[in-house]
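Below, each chain spelled out in residue letters.
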Amino acid sequence: IAKGYQQCTVLTSLKLMFTGANVGDEGATAIGHATKMCTNLTTVEFGFSRTAVGDEGVAALGQGLEACTQISSLSLEFRGTKVGARGSAVLGQCLSKCTLLSSLKMEF
């Protein structure tokens, strides 16, 4: 999935829901790297609830999102994951670069 959409640099909206899927830090890191290439994104929704994503994966997602400075609406779901304080802190630092955010929803 990540390799496919990173080529779509004109994307403005992206919704990826992996709830309950066999996805961990490696998959979330790939999504983060691909997202970094889509700098025109304005609306992003990622669902990783009930997956094996942890601090490493959520940090990589944050690093990908910080490159998308046009994001105005962001929804992130991490309920039932392995995300802890370290990953949450890195995510928060990364999102501080998204200065156009007007709508933010995060669930842990």
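Here the structure is shown first, and the text comes after it.
Keep in mind it's a predicted model, so treat the numbers as computed, not measured. (Residues numbered from 1 in each chain as written. Predicted model: local features only at pLDDT ≥ 70, side-chain atom pairs only at ≥ 80, totals over all residues. Heavy atoms only, no water.)

A. Looking closely at the overall build of the protein chain. Broken down by element type, the protein chain carries four helices and four strands. Shown N-terminal to C-terminal, the secondary structure of the protein chain runs as helices and strands in the order α-β-α-β-α-β-α-β. For the protein chain, the C-alpha radius of gyration of 12 Å lies close to 13 Å, the compact-globule estimate for 108 residues. With the C-alpha coordinates of the protein chain rotated into their principal frame, the extents come out at 30 × 25 × 15 Å. (Helix = DSSP H or I, 4+ residues; strand = E, 2+ residues; numbered from the N terminus. Rg over C-alpha atoms; globule rule 2.2 N^0.38 Å.)

B. Structural detail: the pairing of strand S2 (residues 43–47). Across five bridges, strand S1 (residues 13–17) lies against S2 in parallel orientation. Opposite Leu14, over in S2, you have Val44 as the bridge partner. Between the parallel pair S1 and S2, the chain is carried across by helix H2 (residues 25–36), and the sense of this crossover is right-handed. Sheet topology note: the S2/strand S3 (residues 73–77) ladder contains five bridges and is parallel. Bridging from a neighbouring strand, Phe46 pairs with Leu76 of S3. (Pairing = 2+ DSSP bridges. Right-handed = clockwise from strand over helix to strand, strands pointing away.)

C. Looking closely at the environment of Gly54. Structurally, the position occupied by Gly54 is in the loop between S2 and helix H3 (55–66). Note: C-alpha distance between Gly54 and Gly87 (33 residues apart in sequence) is 7.2 Å. Once residues within four sequence positions are removed from consideration, Gly54 is found in contact with Asp25, Lys82 and Val83. (Contact = heavy atoms within 4.5 Å.)

D. Expanded view of the pattern of salt bridges. One pass over the full model with this rule turns up five salt bridges. With its nearest N and O atoms 3.9 Å apart, the salt bridge here joins Arg86 to Asp55. Note that Arg86 is positioned in helix H4 (residues 85–95) and Asp55 in helix H3, a separation of 31 residues in sequence. Residue classification places Arg86 among the exposed residues on the basis of a relative accessible area of 55%. Notably, a salt bridge pairs Glu107 with Arg79, separated by 2.8 Å at the nearest N-O pair. Here Arg79 lies in the loop between S3 and H4 and Glu107 lies in strand S4 (residues 103–107), a separation of 28 residues in the sequence. Owing to a relative accessible area of 37%, Arg79 belongs among the partly exposed residues under this scheme. What you see here is one network of salt bridges that share partners, running through Glu77, Arg79, Lys105 and Glu107. (Salt bridge = Lys/Arg side-chain N within 4 Å of Asp/Glu carboxyl O. Buried < 20%, exposed > 50% of the residue type's maximum accessible area, 1.4 Å probe, protein only.)

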